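Fold and geometry: a report
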Amino acid sequence: MSMATTAPSRRDAQTSSVRPKVLIVEDETSLVELLRYNLEQAGFQVSVAYDGEEAIASVQEDVPDLMLLDWMLPLMSGIEVCRQLRRQTATANMPIIMLTARGEEGDRVRGLDAGADDYVSKPFSPTELVARIRAVLRRIRPALADEALSYADIVMDLVAHRVTRAGKPVHLGPTEFRLLRHFMEHPGRVFSREQLLDSVWGKDVYVEARTVDVHIRRLRIALNGADQADVIRTVRAAGYALDAQPG
Ligand code: CA
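Let me sum up the structure you'll find in this document.

**Let's talk about the overall build of the protein chain**
Each helix and strand counted, the protein chain has 10 helices and 11 strands in total. The 247 residues of the protein chain split such that 45% are buried. Long-range pairs, those at least 24 residues apart, make up 56% of the contacts in the protein chain between residues at least 6 apart in sequence. For the protein chain, the accessible area works out to roughly 13000 Å², and carbon and sulfur atoms hold 50% of it.

Following this line, the structure appears as C-alpha cells:
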C-alpha cells in the first residue's frame, strides 16, 4: 500500500473526530482502568476525572459525547454533578449514564430525576455497559452510534473506512471491507458462500462461489497478521462465520 506512508496523520485525525468521546467520572482507580480498557476496545475515546469538581472543569474545556458518572464521589456527589451540568446550556443535553453501588428503586428514580439518561448498578458486566452506552448514544445522537462497529478487538470505522485490530491498523481491499462489515453486523451467524455472494457482491452479479474463498483468505491474512487468533470460522459444508470462540 503505497498510500499508507503519505496519509496516516490525516486519516488519524479523521478517525479521532468520529470516535465517540466518553468521560469516565469515578474515583476508584481499578474500576477506571477496567472501564477505560473495555471502552477503548469498543472504539470509544476515553478521558477520566476522579472527582466531581474535576469532571465539571473537564467538561467546560471539552464536552464529551457521553459521561459515565459515578454516584459516590469525593467532594461532590454524582447527583450534584449531574444537576449542575443540566443547568448549563452546553451540557444540558449531554448524555449521562450514572453508575452506582446503590440498587434501590428510590435511588434509580433520584438519579433519573437529577437528569441522568440511564442508570447502571454495580456490579455490571463491561459488555452490558457498552451496550447501554450505545443505546443511549443511538437514542440521543444517532449519527454517532452508527459510525463504528466492533467485535472482540476489531473496530470498524464506517465513516473513515478504517479497520483496527487491537488498536493496530488493518489494511483491507474494498471487497474484504464489505465482507468484514457483513460479518460484524451479524456476529456468530454462519453464512453460506451463496448468501455471502448475494449480500456482499449483490444478487445480480455473477461470481463463482470459489471467489468467496479467495476473499475470505485475504480477509483472514489481513486481520490475523502473524500472531492473532483467527476470528473467522470455517463451517464445513456450510460456509463462514465471524466467531472468536475456539473450534
Ligand atoms: Ca466511587
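Back to the write-up after that little detour.
**Topic: the sheet that holds strand S9 (residues 168–170)**
Strand order in this open sheet of 4 strands is S6-S7-S8-S9, and the pairing throughout is antiparallel. Where the open sheet ends on each side, the last strands, each with one partner, are strand S6 (148–151) and S9. Mean inter-strand twist for the sheet, computed between neighbouring axes without regard to direction, equals 25 degrees. As defined by bridge partners, S6 adjoins strand S7 (residues 154–157) across 4 bridges and the pair is classed as antiparallel. Pairing of alanine 148 across the sheet is with aspartate 157, part of S7.

**Brief notes about the pairing of strand S11 (residues 239–242)**
Where strand S10 (residues 232–235) lies against S11, 4 bridges are found, and the strand directions are antiparallel. Note that in S11 the partner of arginine 233 across the bridge is alanine 241.

**Considering the packing of helix H8 (residues 174–185) against helix H9 (residues 193–201)**
Contact pair H8 / H9: the axes reach a minimum separation of 10 Å and the direction vectors enclose 110 degrees. What the angle tells us is that H8 and H9 run roughly perpendicular. Relative to H9, H8 is oriented so that their crossing is right-handed. Contact with H8, carried on its side by Thr175, Arg178, Leu179, His182 and Phe183, involves Leu196, Ser199, Val200 and Trp201 of H9 and no other residues of that element. Of the residues in the contact of H8 with H9, the class split is 5 nonpolar, 3 polar and 1 charged.

**Overview of the packing of aromatic side chains**
Within the structure shown, the criterion is met by 2 aromatic pairs. Look at tryptophan 71 and tyrosine 119: their rings are 6.5 Å apart centre to centre, the planes differ by 90 degrees, and that puts the pair in the edge-to-face class. With tryptophan 71 in the loop between strand S3 (66–70) and helix H4 (78–87) and tyrosine 119 in strand S5 (residues 118–121), this residue pair connects regions lying 48 residues apart in the sequence. Taking the relative accessible area as the measure of exposure, tyrosine 119 reaches 4% and is therefore buried.

**Some remarks on the coordination of the calcium ion**
For the calcium ion, the full set of protein donor atoms is Glu26 (OE), Asp27 (OD), Asp70 (OD) and Met72 (O), and the range of their distances to it is 2.1 to 2.7 Å. Along the chain, the residues that donate to the calcium ion are spaced as E-D-x42-D-x1-M. Of this pair, aspartate 27 sits in the loop between strand S1 (21–25) and helix H2 (29–41) while aspartate 70 sits in strand S3; the two residues are 43 residues apart in sequence, bridging distant segments of the chain.

**Describing the sheet that holds S1**
Read across the sheet, 5 strands follow the order S2-S1-S3-S4-S5 without closing on themselves; strand pairing throughout is parallel. Edge positions in the sheet fall to strand S2 (45–49) and S5, since each has one partner strand and no second. For this sheet, the mean angle separating the axes of adjacent strands, direction not counted, is 20 degrees. Bridge count between S1 and S3: 4 bridges; the pairing is parallel. Considered in S3, the bridge of isoleucine 24 is made with leucine 68. Where helix H3 (residues 52–61) meets the sheet, its contacts fall on S1, S2 and S3, and the angle it forms with S1 comes to roughly 160 degrees.

How each quantity is defined
Residues numbered from 1 in each chain as written. Predicted model: local features only at pLDDT ≥ 70, side-chain atom pairs only at ≥ 80, totals over all residues. Heavy atoms only, no water. Helix = DSSP H or I, 4+ residues; strand = E, 2+ residues; numbered from the N terminus. Buried < 20%, exposed > 50% of the residue type's maximum accessible area, 1.4 Å probe, protein only. Contact = heavy atoms within 4.5 Å. Areas by Shrake-Rupley, 256 points an atom, 1.4 Å probe, with all protein chains shown as cover. Pairing = 2+ DSSP bridges. Axes fitted to C-alpha atoms, helices over the stretch in contact; angles between N-to-C directions. Parallel < 35°, antiparallel > 145°, perpendicular 65-115°, else oblique. Left-handed = near helix turned anticlockwise from the far one by under 90°. Nonpolar A, V, L, I, M, F, W, Y, C, P; charged D, E, K, R; others polar. Phe/Tyr/Trp six-rings, centres within 6.5 Å; stacked < 30°, edge-to-face > 60°. Donors = N, O, S within 2.8 Å, 3.2 Å for Na, K, Ca; no water.

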